[in-house]
Amino acid sequence: MINDKRIIYSGMQATGTLTLGNYLGALKNWVTLSSEYECIYGVMDLHSLTVRQVPAKFRKSARSIYALYVAAGLDPEKNCIYYQSHVSGHAELSWILGCFTYMGELNRMTQFKDKSAKHADNINAGLYTYPVLMAADILLYQADLVPIGVDQKQHLEITRDIAQRFNAIYGDVFTVPEAYVPKTGAKIMSLQDPMKKMSKSDENVNATILLLDSKDDILRKFKRAVTDSDSAVRYAEEKPGISNLMGIYSCVTGKSFEEIEKEFDGRGYGDFKAAVGEAVADALAPLKARYQELMADKAYLDSMIKMNDEKAQYYASKTLRKVQKKVGLTERIR
Ligand code: ATP
Ligand code: LTN
């Protein structure tokens, strides 16, 4: 608890630019939940190092993601929004937790298997221990709830296992966190291959809607979205392309699948795709405008970053000191 409120923690990798999947699966829910909880959101730049980065480009995308969090509606004066690498406690706790994690557990992680296949020339130890760092992120802030998309559920489960294992030895040190996965939007699929997750590292530009895409691009990408040869707008497992578009439309308009089916009864895919494009472009327009303002105001963003770094440091060092003491590391002489 902080200020008598339960704690939310989440974050996104600091590379690329955010997609509609990141927004509907995670960011949008962070904003909705932010009034009821004490919220801490990280720009996860240490996790991004598991893939080789170009330094100048990497710094730029990390700042852009920070601004997108704020532009999406997270007030940095109320929510602690910070860079993971600015709080050294993440790496320190990660080492300790790594000593409480079994290789057998890490071997089962599907993201590790997927990313290893994608980056076969650079299967580094960081990629392997990625879930331990993620557990450290969450446990360092004693989070109660972690809002994420479906692909991160396995990482949350290992976080809970590590916390419970540690607590069983040393007493109640960590809060055991719960995942918050939204009912719709938890897995937005690629517009070009509806069996694949929409991902910011996809090389096919038509597969993803980026939050900063122009309206024309958004309309064009939806128009080209892969569907089936039928023409009925109906939610069904055997119609993954249309079902994905219906999920997106439902998330941005708040309409149920039934209402959508009624609205587009007898109208065909062309009309529907155009309506989804319009609805998404409208939903993202204010976010884009706010983003431009924020990126132009260097002093404001810098002051928010500085203030929140200090706040995050404070919370993190409280947990870290407790953990160090519990495992028997010698206390510093002050
Ligand atoms: P990468 O392509 O580099 O793996 P990513 O697009 O999956 O990146 P992450 O930084 O890994 O982005 O994810 C940030 C958050 O967004 C996580 O909570 C994740 O579950 C969620 N998320 C990512 N992609 C989707 C998606 N297609 N649908 C719903 N949620 C998603
Ligand atoms: N692995 C997550 C990003 C992430 C995260 C976290 C999410 C790193 N640390 C802590 C929630 C809580 C991903 O989306 N790829």
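Source: prediction; values computed, not measured.

Asker: Could you clarify how one ought to interpret the site of ligand 2 in this entry?
Answerer: Lining the immediate surroundings of ligand 2 are 13 residues, of which His47, Tyr130, Met134, Asp137 and Gln152 lie closest. Take Tyr130: an N or O atom from its side chain is 2.7 Å from a nitrogen atom of ligand 2. The contact in question runs from a nitrogen atom of ligand 2 to an N or O atom on the side chain of Asp137, over 2.6 Å. In isolation ligand 2 has 370 Å² of accessible area, and contact with the protein removes 92% of it. Looking at the shell around ligand 2, the elements with two or more residues in it are β1 (7-13) and α7 (125-140). Here the residues of the shell around ligand 2 are counted per class, giving 7 nonpolar, 5 polar and 1 charged.

Asker: Just checking my understanding: could you explain the pattern of salt bridges for this structure?
Answerer: Side chains that differ in charge, positive against negative, can pair when their charged atoms come close. Applying the stated rule across the entire model yields 17 salt bridges. With its nearest N and O atoms 2.7 Å apart, the salt bridge here joins Asp213 to Lys221. Assessed through its relative accessible area of 4%, Lys221 is described here as buried. With its nearest N and O atoms 3.1 Å apart, the salt bridge here joins Arg267 to Asp271. Here the salt bridges share partners, and the residues they tie into one network are Arg63, Lys298 and Asp302.

Asker: Looking at this model, I keep getting lost on the site of ligand 1. Mind explaining?
Answerer: The environment of ligand 1 is formed by 20 residues, the closest being Lys115, Asp151, Lys197, Ser199 and Ser201. One nitrogen or oxygen atom from the side chain of Lys115 is found 2.5 Å from an oxygen atom belonging to ligand 1. A distance of 3.0 Å separates an oxygen atom of ligand 1 from a polar backbone atom of Lys200. In isolation ligand 1 exposes 600 Å². Once the protein is present, 95% of that is buried. Looking at the shell around ligand 1, the elements that each hand over two or more residues are β1 and α1 (20-33). Here the element with the most residues in the shell around ligand 1 is α1; it accounts for 4 residues. Considered class by class, the residues forming the shell around ligand 1 number 6 nonpolar, 9 polar and 5 charged.

Parameters at a glance
- Residues numbered from 1 in each chain as written.
- Chains lettered and ligands numbered in written order.
- Predicted model: local features only at pLDDT ≥ 70, side-chain atom pairs only at ≥ 80, totals over all residues.
- Heavy atoms only, no water.
- Near = heavy atom within 4 Å.
- Polar contact = N/O pair within 3.5 Å; in protein donor to acceptor, adjacent residues only side chain to side chain.
- Areas by Shrake-Rupley, 256 points an atom, 1.4 Å probe, with all protein chains shown as cover.
- Helix = DSSP H or I, 4+ residues; strand = E, 2+ residues; numbered from the N terminus.
- Nonpolar A, V, L, I, M, F, W, Y, C, P; charged D, E, K, R; others polar.
- Salt bridge = Lys/Arg side-chain N within 4 Å of Asp/Glu carboxyl O.
- Buried < 20%, exposed > 50% of the residue type's maximum accessible area, 1.4 Å probe, protein only.

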